[in-house]
There are 6 protein chains.
Amino acid sequence: MFKANTEFDIIGMGEVMLRLSPPAKEKISQCETFEKTIGGSELNVVSGASMLGVRSAIITKIPQNKIGHFVRNKIRYGNVSDDYIVYDQSADARLGVYYYESGAYPRKSTVIYDRARSSMCTLSLDELPSDIYEKTKVFHISSITLAIDKNLRETALEMIKRFHKAGALISFDVNYRSALWSEEEAREVIQSILKYVDFLFVSEETSRRMLQREGTLEEIMQGYVKDYGCKLVATTRREVISPMRHNFNSKIFYGGKFYEEKPYNNIEVIDRIGSGDAYLAGVLYGLIKTGDITSALEIGNATSAVKNTVVGDMSASSIDEILSVIKSHKATGRQDEMVR
Amino acid sequence: MFKANTEFDIIGMGEVMLRLSPPAKEKISQCETFEKTIGGSELNVVSGASMLGVRSAIITKIPQNKIGHFVRNKIRYGNVSDDYIVYDQSADARLGVYYYESGAYPRKSTVIYDRARSSMCTLSLDELPSDIYEKTKVFHISSITLAIDKNLRETALEMIKRFHKAGALISFDVNYRSALWSEEEAREVIQSILKYVDFLFVSEETSRRMLQREGTLEEIMQGYVKDYGCKLVATTRREVISPMRHNFNSKIFYGGKFYEEKPYNNIEVIDRIGSGDAYLAGVLYGLIKTGDITSALEIGNATSAVKNTVVGDMSASSIDEILSVIKSHKATGRQDEMVR
Amino acid sequence: MFKANTEFDIIGMGEVMLRLSPPAKEKISQCETFEKTIGGSELNVVSGASMLGVRSAIITKIPQNKIGHFVRNKIRYGNVSDDYIVYDQSADARLGVYYYESGAYPRKSTVIYDRARSSMCTLSLDELPSDIYEKTKVFHISSITLAIDKNLRETALEMIKRFHKAGALISFDVNYRSALWSEEEAREVIQSILKYVDFLFVSEETSRRMLQREGTLEEIMQGYVKDYGCKLVATTRREVISPMRHNFNSKIFYGGKFYEEKPYNNIEVIDRIGSGDAYLAGVLYGLIKTGDITSALEIGNATSAVKNTVVGDMSASSIDEILSVIKSHKATGRQDEMVR
Amino acid sequence: MFKANTEFDIIGMGEVMLRLSPPAKEKISQCETFEKTIGGSELNVVSGASMLGVRSAIITKIPQNKIGHFVRNKIRYGNVSDDYIVYDQSADARLGVYYYESGAYPRKSTVIYDRARSSMCTLSLDELPSDIYEKTKVFHISSITLAIDKNLRETALEMIKRFHKAGALISFDVNYRSALWSEEEAREVIQSILKYVDFLFVSEETSRRMLQREGTLEEIMQGYVKDYGCKLVATTRREVISPMRHNFNSKIFYGGKFYEEKPYNNIEVIDRIGSGDAYLAGVLYGLIKTGDITSALEIGNATSAVKNTVVGDMSASSIDEILSVIKSHKATGRQDEMVR
Amino acid sequence: MFKANTEFDIIGMGEVMLRLSPPAKEKISQCETFEKTIGGSELNVVSGASMLGVRSAIITKIPQNKIGHFVRNKIRYGNVSDDYIVYDQSADARLGVYYYESGAYPRKSTVIYDRARSSMCTLSLDELPSDIYEKTKVFHISSITLAIDKNLRETALEMIKRFHKAGALISFDVNYRSALWSEEEAREVIQSILKYVDFLFVSEETSRRMLQREGTLEEIMQGYVKDYGCKLVATTRREVISPMRHNFNSKIFYGGKFYEEKPYNNIEVIDRIGSGDAYLAGVLYGLIKTGDITSALEIGNATSAVKNTVVGDMSASSIDEILSVIKSHKATGRQDEMVR
Amino acid sequence: MFKANTEFDIIGMGEVMLRLSPPAKEKISQCETFEKTIGGSELNVVSGASMLGVRSAIITKIPQNKIGHFVRNKIRYGNVSDDYIVYDQSADARLGVYYYESGAYPRKSTVIYDRARSSMCTLSLDELPSDIYEKTKVFHISSITLAIDKNLRETALEMIKRFHKAGALISFDVNYRSALWSEEEAREVIQSILKYVDFLFVSEETSRRMLQREGTLEEIMQGYVKDYGCKLVATTRREVISPMRHNFNSKIFYGGKFYEEKPYNNIEVIDRIGSGDAYLAGVLYGLIKTGDITSALEIGNATSAVKNTVVGDMSASSIDEILSVIKSHKATGRQDEMVR
């Protein structure tokens, strides 16, 4: 299915933000320190996959200063190549910031964005090497990158076409954010690129509301394949019992078949941010390394479920850890309580 | 209902203590650091109400030293005026301290008080400006202030009378603490002031045991109105599933009617201290700002429920946060998991 | 039952390790700090019992350097005598280390050991005073000490015999660890010493698999008494609902009778390590101080249940705390939510 | 000298930023947490003065969200009134951020600003009550507020005129920042307002370079009085031995006389940010409360020197602390090492 | 010189307080956490000596609650026996508290005491075993214990006599604190016990002012021997360059000879509290273990100098560490920078 | 001078250890947490150089577990390639550990190693790709790698030869550690490889004592060129005023000329570990990127000096930061105190 002998397995493109969050369950309005890390939907995906074992890179643009160096170091820490980071040396260079407060019932978790006019918005194609399109099996992007800035959208759309033309498979996450653009604007843009998309990640709710798809969930998933030629359609289902307890499962449609397993219930949520991205990380890893849809689904589910138990946007699981979780998930009877 | 054009909406009177608690779930006998904040039943009430949006002040007495300055700063941080803080410059000046250890089943939470002979006990009326009684719509006090010291009790009783005479409504929280005085002593003192009380907060258990009221809960609540002329009687009900999981609801009797809503169940408790005070903060805010009993009850319940999820004695919720919690509480069907 | 007028109630013998664990729910592969404490099965037992109120000592060997001094200080902190600590002054002196990562469903807790060739392995009998065998009512050891090193095993076996001969009762915890030795090797060694054992702590699973005992649990427990002359056989049962929620109970066979009480369910687990050792601490304390099996069982269960709520290997409960937990556990009807 | 019977002693106007700094001596590019507080030149001045004992308020504009509530709480904590905080409810609302890394020789301290297009830039006069100009003895502003945004500059210039007209004395700090505007642009704007300025704070270097004043330092100081009618001119001198060791002194020209005292040498610098603002806080407090220039200078010097030893932008000293420092500074012979 | 075959080398008697201090250089009025440890002049002495290698115990009285258990654990951690801790079970039981803020020039360090009416004040002789007086070579006490409470003073004076009578040598530290009693009251009490004192620790300033001794320092020291029969008189000299930099040396008079060595200059002070007590710890250790005055002086000086570099009241040095510091102190020429 | 078109500029080979150190100035024997990072002489060199701007990799062997993943992530974070990390999957796999306590005068810093039998010792050539020798301009190693294990020594000696043969220049740091091997053993091994060494880093003291070189420092440096054909000889000089204050300078001999600049005096030392390695990082970067010896020396000195101010083994400086430090170091007259 995939292009052979590429330097990278996945290249993602997207904004990387500084993430600032109060320790434990403190409030933004009260805390005296912030835990400081980075996040961004596409980075989370490629880093999560790299931690599992593929090779990946991120296309992004960040300030050329100490904050930017922090981001660069953390991207590398996430096992992602920094080859395609563009450094913004302008006086206006800024890194987008988001503040995240983790909730406890009945206090919901909260996110405040301060990302307008970040360096990423000024990224242009000529800041990247011209041979980049040949370098990867998969190009991954989410609709967030299409939404945050008009110029960036043009850049991103052109990149999708170039990667597609160069033989990379296109992975696209329709994680619609109503704060960034209207349903109408999003629908028009997204419909225009679905014909390039090989791996489509979209929730049932977004399919129905923003993309105005109808029928059963299965019919909707089949519809993307029929209408746009997507190879694989994946949809996840999260049930939020409380901010600290979730259920999670997913369904994949591929090659005319539906794939599913029993849900992870009563996940003990430490940090829910990025668990959706971790699902994609697991599925893409599984597709690339095993080529088996059942494995990809299981790895995706487990990587997502485990991500909820880890602080920060980015998955930190090795494939060993994930396989052990899958084994326990499928096991019946008494199990070891600890890994010794 | 309320006096017009006052500088403050609520003035509270009570001891403010240094609160020292181990981080997270550590034990007092083992921890190497204490989290340091302040608390006191009446301060918690007026601060919680101020955070929601009224103007309030606290009458208290604290040492004139660096510990006292910490308290002053924190009172201001709680959006409470420091106009009526009296500073104790004597050699014996001391701030009461309490140690709080947060439990996990089957280990109960523990409180150790070291509050004897604090500066507050020496407060006298002539340390306060004579025009203070004209300055507020509501004067709030709890029975703790009547219990900790005999001289302070006399001062407090006189203040209740003066505020009442000046047209302030009297809010009284009968949070009986058996460690501070006997049921007999408490009953006598409290019965003597109920005729001044407009807003009475009392639990069913305290009504039955300490105040020896009989009948159904509804009859007990009606009894306070009939016997003492209270305008509003509120009672709360907390079910402790474990130190980390509570249910909460309340009932209000006002104008011949009972008010109630469905309980908050499975609250994910981070810090339970002050959640009762937060209920009063919400109800008083609601009465003053909306004049609507249903609103006051809903705001009280939500402010109390949310307080359980926040570290420290004092509520940190804005009215925006509380209204959003109420909206979710009443909603049916799927809701947003996060506030973005 | 016990020898009179001894200096110590219990002397344990075992390796003490440095325990390094990420704060809260962080991962070993990501965290920037380690919480640093000590642990070791036998130390946990004698320290837990001493915190409850007996006098105990530990026989162990640690490096004569700053890391060793840390261990010494912490052993003393745990109310255990340092009289029988042997200091290793050789160039090869090292303290065993273990890394512990606390899980959240579906991420399991993990332990990584780095204990090979620690100073403890070189302990020899002539490093201890010759009068040590007369000094205690109970000598406690676990099979871990028999497993980690062949020389140490010889030393330990000889000590069991000497303590037994000197009139101490032998307490033995068969906590079989498959990473340390095979079932066959363990079975042979353990069977050879059961005849010296007075208090036998063994799980049902280990009895069936490693020791190849058959029949009902009750029959197995009775079998140890019949076959080896053990005075008391205790077995615990932990049900792991998730890494953060356990159930716990135990059963004791003594004097021809079985003892049991209702389980502690839905324990809110903060740190599960050492909770098995805390059970032994409670039972041994109960036997020595009360002589009553029902009490010993209740204290054992409560000490174990509470240990789960406390960070670190070692129990930190006073007998006051434990008696209060037992009282709540047996109570019916409404209870105080907090200890004030 | 001052207007009588005003509600406030000083009203400042300026941007308040979120300050994020690595703990201790860590680097921005490496640290895992940020210490989180607020700062802003004018806020630092009015808060420092309020901590000493005057009443002050700040005119500023911040987002109406949890980050804004943090700022509001911290302003109150700094003993500054929140009466004139304007809340920005627009979708573009943002709080300026600055990152501060504290150095150690030879690594210099570093500041990175991310303040463009903050809510403060949109402040307009009609968002403030019309009676504000009557409310204060002193109006304080720095040239930073004139530099960051053209619209804000117009607002600020108009406010200077209105406060001046209403009888408030104008305090102006010419803390020129070359990153914000050119010397030419700054010179023109600042020269146009000097005729309204009563208390002028300006360094020798800025006088010579940006304002192109000539002669000795004394002649320069006298020149401002002669040319623009300033009442008091103050200039400070900081000698930076290393990032962790400074010398500090100042000179005031008032009523035809120069005032000075011996410098504070070898200040043990913990956090240098805001120590210049603390000088102004001390001088303004001294002028308002003592009316004595020698006292004002001594309090200014001591408050500034002590600020260097305290983490955060804002001075935390009470007047008691400052008087004790002054006493030691002037003392000869052996002194008590500690305050007991 | 010393009694043979005693269980302990030193028994101290004194109040143990909870010490609460802001982390690093934060202020009491601003910090959000306290570092929590224990301290007390006599405990510091006996613990410091025990860490070096003698056996010691402390006579003190503390509450029987979780705060008391913390103190007990920490005393044990300090290698001091808990055999003579008396537990106060009364409702009034309280532990004295002191708050300590560490300074940086020109901000002085500050101590605030809240120790009135602590459990220690109620200690009576019959709470101790009657054989205690036979158990030790040295009994150590400071004048603080004589000052804080009149009843406690009587108890202490009686104990001095009983220990003296039983053959223990009396070590007495005249660390006069003017906040606790007047010079006149102190002089009378102290003069009355000097005849029992064998090892006298007193500063030059206290000798001159409080005890009204005259002449050169050498004459003063000789005077104590002549007038009261003291065996050894030691006096220390601390020069405070700044809160973070001290010089230290000492002089001992014994057997008709003066002993002294070159001072420790430019000590990098992390925490100065308890460094005086550490001097005594070192001298007493030296006297007991080496019997050599030169050694005792060197160990005292080094233990005190090193204590300044360690957080907390109590010395944490092993004798190995101290001997290595002494070796460096005496060395000439190039030395190893680190201990590897 | 350097081989062209290589994938890496520098490949280092050496053990990477877990570094555990108490926070701030706490002691190993007392602290409750460890700061956790990694270090190793060769890694420090290649990471420091990569942070400045070259491309580098490290040859090392670590356990295949969560501790190993931590090391891998941190190596990547240090901008070093993980291509040549070998993962040890054996049951005996272990990571070397070292404990570091930072001193304050007169308490020296202390290092305790626990590195025996680490996974690194088992590295063999066939675990590395055969084309590795062609991949780099410079191969860097220190004598530590030759000392810790005999098998590893053989592996390392063979690698030196292979890299040399493939055209890489050999960089060698003679940082002799007497704890690891005798002077005799070291001398023999090191003398045998000097003929392969192009860049030799050796201190004057080691030259004289271990390598038994004689004459002036200049003669010694010239001698290495003459006797062994080294291209560049560098020697550093550190003067330790106290653990918190150092002076530093260096001298380079190259192409028949000596290079030197004025020393960095009164460096405010936060963490001294790795500052020697940072010197090499700077010099190697300078040689590779500028080819200018004066620049290499200046960058080396500045990178080393700055490293002392940063926590952890590894330099965190960008070339921008270093050039700014060099500029200040050379400047005369008044400079900006901060980088804004």
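Structure's up top.
The model shown is predicted, which means the values in this text are computed figures rather than measured ones. (Residues numbered from 1 in each chain as written. Chains lettered and ligands numbered in written order. Predicted model: local features only at pLDDT ≥ 70, side-chain atom pairs only at ≥ 80, totals over all residues.)

## Re the relation of the copies chain E and chain C
To go from the first copy of the chain to the second, apply a rotation about an axis and then a shift along the same axis.
Argument step 1. With an RMSD of 0.0 Å, the operation that places chain E on chain C is a rotation of 180° combined with a shift of 0.0 Å along the axis. This pairing of chains is accounted for by a two-fold axis. Identified as the residue of chain E closest to the rotation axis by C-alpha distance is Tyr77(E), at 2.2 Å.
Argument step 2. The overlap is high: 100% of the interface residues of chain E also sit at the interface in chain C, so the same surface is used on both sides. (Least-squares fit on C-alpha atoms with pLDDT ≥ 70 in both. Contact = placed C-beta atoms within 7 Å.)

## Brief notes about the sheet that holds strand E8 (residues 109–114) of chain E
Argument step 1. Reading across from one edge, E16(C)-E8(B)-E7(B)-E2(B)-E3(B)-E3(E)-E2(E)-E7(E)-E8(E)-E16(D) is the order of the 10 strands in this open sheet, with mixed pairing throughout. The sheet is open, and its two borders are formed by strand E16 (338–339) of chain C together with strand E16 (338–339) of chain D, each paired with just one other strand.
Argument step 2. Relative to E16(C), strand E8 (residues 109–114) of chain B is paired through two bridges, and the arrangement is parallel. Considered in E16(C), the bridge of Ser109(B) is made with Met338(C). (Pairing = 2+ DSSP bridges. Helix = DSSP H or I, 4+ residues; strand = E, 2+ residues; numbered from the N terminus.)

## Notes on the interface of chain E and chain C
Argument step 1. Across the contact, six residues belong to chain E and six residues belong to chain C.
Argument step 2. Its residues placed into classes, the side of chain E that touches chain C shows one nonpolar, four polar and one charged. (Nonpolar A, V, L, I, M, F, W, Y, C, P; charged D, E, K, R; others polar.)

## Brief notes about unusual backbone geometry
Argument step 1. Of the consecutive residues Tyr105(B) and Pro106(B), the connecting peptide bond is found in the cis state with omega at 5°.
Argument step 2. Positioned with a positive phi, Ala24(A) is a non-glycine residue whose angle comes to about 45°.
Argument step 3. Among the secondary structure elements, Ala24(A) is positioned in the loop between strand E2 (17–21) and strand E3 (33–39).
Argument step 4. Located in the positive-phi region is Asn79(D), a residue other than glycine, with phi close to 65°.
Argument step 5. By the element assignment, Asn79(D) lies in the loop between helix H2 (66–77) and strand E5 (80–81).

## Considerations on helix H1 (residues 41–52) of chain E
Residue and element names in this part refer to chain E.
Argument step 1. Taking 1.5 Å per residue as the helical rise, H1 with its 12 residues ought to reach 16 Å, and the 17 Å between its terminal C-alpha atoms agrees with that figure.
Argument step 2. Burial runs high along H1: 12 of the 12 residues are buried.
Argument step 3. Burial in H1 covers these residues: Ser41, Glu42, Leu43, Asn44, Val45, Val46, Ser47, Gly48, Ala49, Ser50, Met51 and Leu52. (Expected span 1.5 Å × (residues − 1). Buried ≥ 20, exposed ≤ 12 C-beta atoms within 10 Å, placed from the backbone.)

## Overview of helix H7 (residues 217–228) of chain C
Argument step 1. Between its first and last C-alpha, H7(C) extends 17 Å over 12 residues, near the 16 Å set by a 1.5 Å rise per residue.
Argument step 2. One or two positions beyond H7(C), positive phi appears at Gly229(C), with a value near 80°.

## Considerations on the sheet that holds strand E7 (residues 97–101) of chain F
Argument step 1. Judged by pairing direction, the sheet is mixed, and its 10 strands sit side by side in the order E16(A)-E8(C)-E7(C)-E2(C)-E3(C)-E3(F)-E2(F)-E7(F)-E8(F)-E16(E) without closing on themselves. At either margin of the open sheet sits one strand with a lone partner, and together these are strand E16 (338–339) of chain A together with strand E16 (338–339) of chain E.
Argument step 2. Pairing of strand E2 (residues 17–21) of chain F with strand E3 (residues 33–39) of chain F involves five bridges; the strand directions are antiparallel. The residue bridging Met17(F) from the neighbouring strand is Gly39(F), located in E3(F).

## Considering the interface of chain F and chain C
Argument step 1. Facing 25 residues of chain F, the contacting portion of chain C comprises 24 residues.
Argument step 2. If you list the elements that add at least two residues to the side of chain F that touches chain C, you get E3, helix H2 (66–77), E7 and strand E8 (109–114) of chain F.
Argument step 3. Here the element with the most residues in the side of chain F that touches chain C is H2(F); it accounts for five residues.
Argument step 4. In terms of residue class, the side of chain F that touches chain C is made up of 10 nonpolar, six polar and nine charged.
Argument step 5. Here three bridges tie strand E3 (residues 33–39) of chain C to E3(F), and the two strands are oriented antiparallel to one another. Each residue of the ladder has a partner; that of Thr33(C), found in E3(F), is Glu35(F).

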